[in-house]
Amino acid sequence: MLAPEVPMSHSVAGEPSSAGRRAAPLTTAVYSAAEWDLLTSLPGQVIVVAAAPGPGRPRRGVPEGLAGLEAVAAGRSFDSDLVRAVVSAIYARHDAGPPTAGDGGADLVDLLASCRAAVRVLGRRADPADSAAYRQWVQSVAARVCRPVPVGGVLLTEMGPAPADRRFLDRLGDALGLR
């Protein structure tokens, strides 16, 4: 089964598409089923790995997973046709219910490989603005999961992510081509 055509926010040359009409087929990236599956499954994979326990990483629970799912849903309001299409596909895949965070079998090595593969697909198929928006959105999903949790009911705003989380976010940013 072929993935749907996904209209891009800008033409291949970078000019905005004409308002009120669909972009011409030459300005539309068409993803194979495998490429589309990669792009639509990556946010859930990020949630699973970001929430996973590890050395130096704080214990995470339902609130952090929900924060990741909220970050996925926030993609609906992104100024990127690609991100909005991916979010729509994620929700449609789950019978119009909220997305799940995956099967729990993802690990950091697999996640980073998936991120690099997505960057390659986006480099070949996506408009640069949509590519950047998608990669930043995926990073924002991880950042929401890794955000510090309140301690004793008080969120210490000056407290950033744990050092192990910072390393995870840095590696993710590298794999997504954001650094």
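Keep in mind the model is a prediction, meaning the values are calculated, not measured. (Residues numbered from 1 in each chain as written. Predicted model: local features only at pLDDT ≥ 70, side-chain atom pairs only at ≥ 80, totals over all residues. Heavy atoms only, no water.)

### Here's the deal with the packing of helix H2 (residues 62-74) against helix H3 (residues 81-93)
No. 1: Two elements in contact, H2 and H3, have axes separated by 8 Å at closest approach and are oriented at 125 degrees. Between H2 and H3, the crossing angle belongs to the class labelled oblique. Of H3, the residues touching H2 (which contributes Leu69, Val72 and Ala73) are Val87, Ile90 and Tyr91. (Axes fitted to C-alpha atoms, helices over the stretch in contact; angles between N-to-C directions. Helix = DSSP H or I, 4+ residues; strand = E, 2+ residues; numbered from the N terminus. Parallel < 35°, antiparallel > 145°, perpendicular 65-115°, else oblique. Contact = heavy atoms within 4.5 Å.)

### A closer look at the packing of H3 against helix H5 (residues 128-146)
No. 1: Their axes nearest at 7 Å, the elements H3 and H5 cross at an angle of 50 degrees. Relative to H5, the element H3 lies oblique. Of H5, the residues touching H3 (which contributes Asp81, Leu82, Val83, Val86, Val87 and Ile90) are Asp130, Ala133, Tyr134 and Trp137.
No. 2: Broken down by class, the residue content of the contact of H3 with H5 amounts to 8 nonpolar, no polar and 2 charged. (Nonpolar A, V, L, I, M, F, W, Y, C, P; charged D, E, K, R; others polar.)

### A short note on the nonpolar core
A general trend in soluble globular proteins is that nonpolar side chains are found buried together.
No. 1: Membership of the largest hydrophobic core comes to 40 residues, with the highest contact counts inside it found for Leu39, Tyr134, Trp137 and Phe168.
No. 2: Mapped by element, the contributors of at least two residues to this core are helix H1 (33-51), H2, H3, helix H4 (108-125), H5 and helix H6 (163-175).
No. 3: Residues contacting Trp137, with those up to four places away along its chain left out, are Pro43, Ala71, Val72, Gly75, Phe78, Val83, Val86, Val87 and Ile90. (Core = buried A, V, L, I, M, F, W, Y, C linked by side-chain atoms within 4.5 Å. Buried < 20%, exposed > 50% of the residue type's maximum accessible area, 1.4 Å probe, protein only.)

### Some remarks on the pattern of salt bridges
No. 1: Inspection of every chain in the model, using the stated rule, returns 9 salt bridges.
No. 2: With its nearest N and O atoms 3.2 Å apart, the salt bridge here joins Glu35 to Arg124. Of the two residues, Glu35 is situated in helix H1 and Arg124 in helix H4; the sequence distance between them amounts to 89 residues.
No. 3: Classification of Glu35 as buried rests on a relative accessible area of 10%.
No. 4: Ionic contacts of the salt-bridge type, sharing partners, join the residues Arg166, Asp170, Asp174 and Arg179 into one network. (Salt bridge = Lys/Arg side-chain N within 4 Å of Asp/Glu carboxyl O.)

### Quick word on the side chain of Glu35
No. 1: Of note is the side chain of Glu35, whose polar atom sits 2.8 Å from the backbone nitrogen of Ser32.
No. 2: Within polar-contact distance, the side chain of Glu35 engages the side chain of Arg124 at 3.2 Å.
No. 3: Excluding its chain neighbours within four sequence positions, the residues that come into contact with Glu35 are Val30, Val121, Arg124 and Arg125. (Polar contact = N/O pair within 3.5 Å; in protein donor to acceptor, adjacent residues only side chain to side chain.)

### So, H3
No. 1: Between the first and last C-alpha of H3 there are 18 Å, a value that for 13 residues agrees with the 18 Å anticipated at 1.5 Å per step.
No. 2: Buried within H3 are the following residues: Leu82, Val83, Val86, Val87, Ala89, Ile90 and Tyr91. (Expected span 1.5 Å × (residues − 1).)

### Overview of the packing of aromatic side chains
No. 1: As enumerated under the stated definition, the model contains 2 aromatic pairs in all.
No. 2: Judged by centre distance (5.8 Å) and plane angle (65 degrees), the ring pair of Tyr134 and Trp137 falls under edge-to-face. With Tyr134 and Trp137 both in helix H5 and 3 residues apart, this pair spans about one turn of that helix.
No. 3: Taking relative accessible area as the criterion, Tyr134 reaches 0% and is therefore assigned buried.
No. 4: The cationic tip of Arg57 hangs over the ring face of Phe168; the distance from NZ or CZ to the ring centre is 5.0 Å.
No. 5: A cation over an aromatic ring shows up here: Arg76 above the ring of Tyr91, its NZ or CZ 4.4 Å from the ring centre. (Phe/Tyr/Trp six-rings, centres within 6.5 Å; stacked < 30°, edge-to-face > 60°. Lys NZ or Arg CZ within 6 Å of the ring centre and 35° of its normal.)

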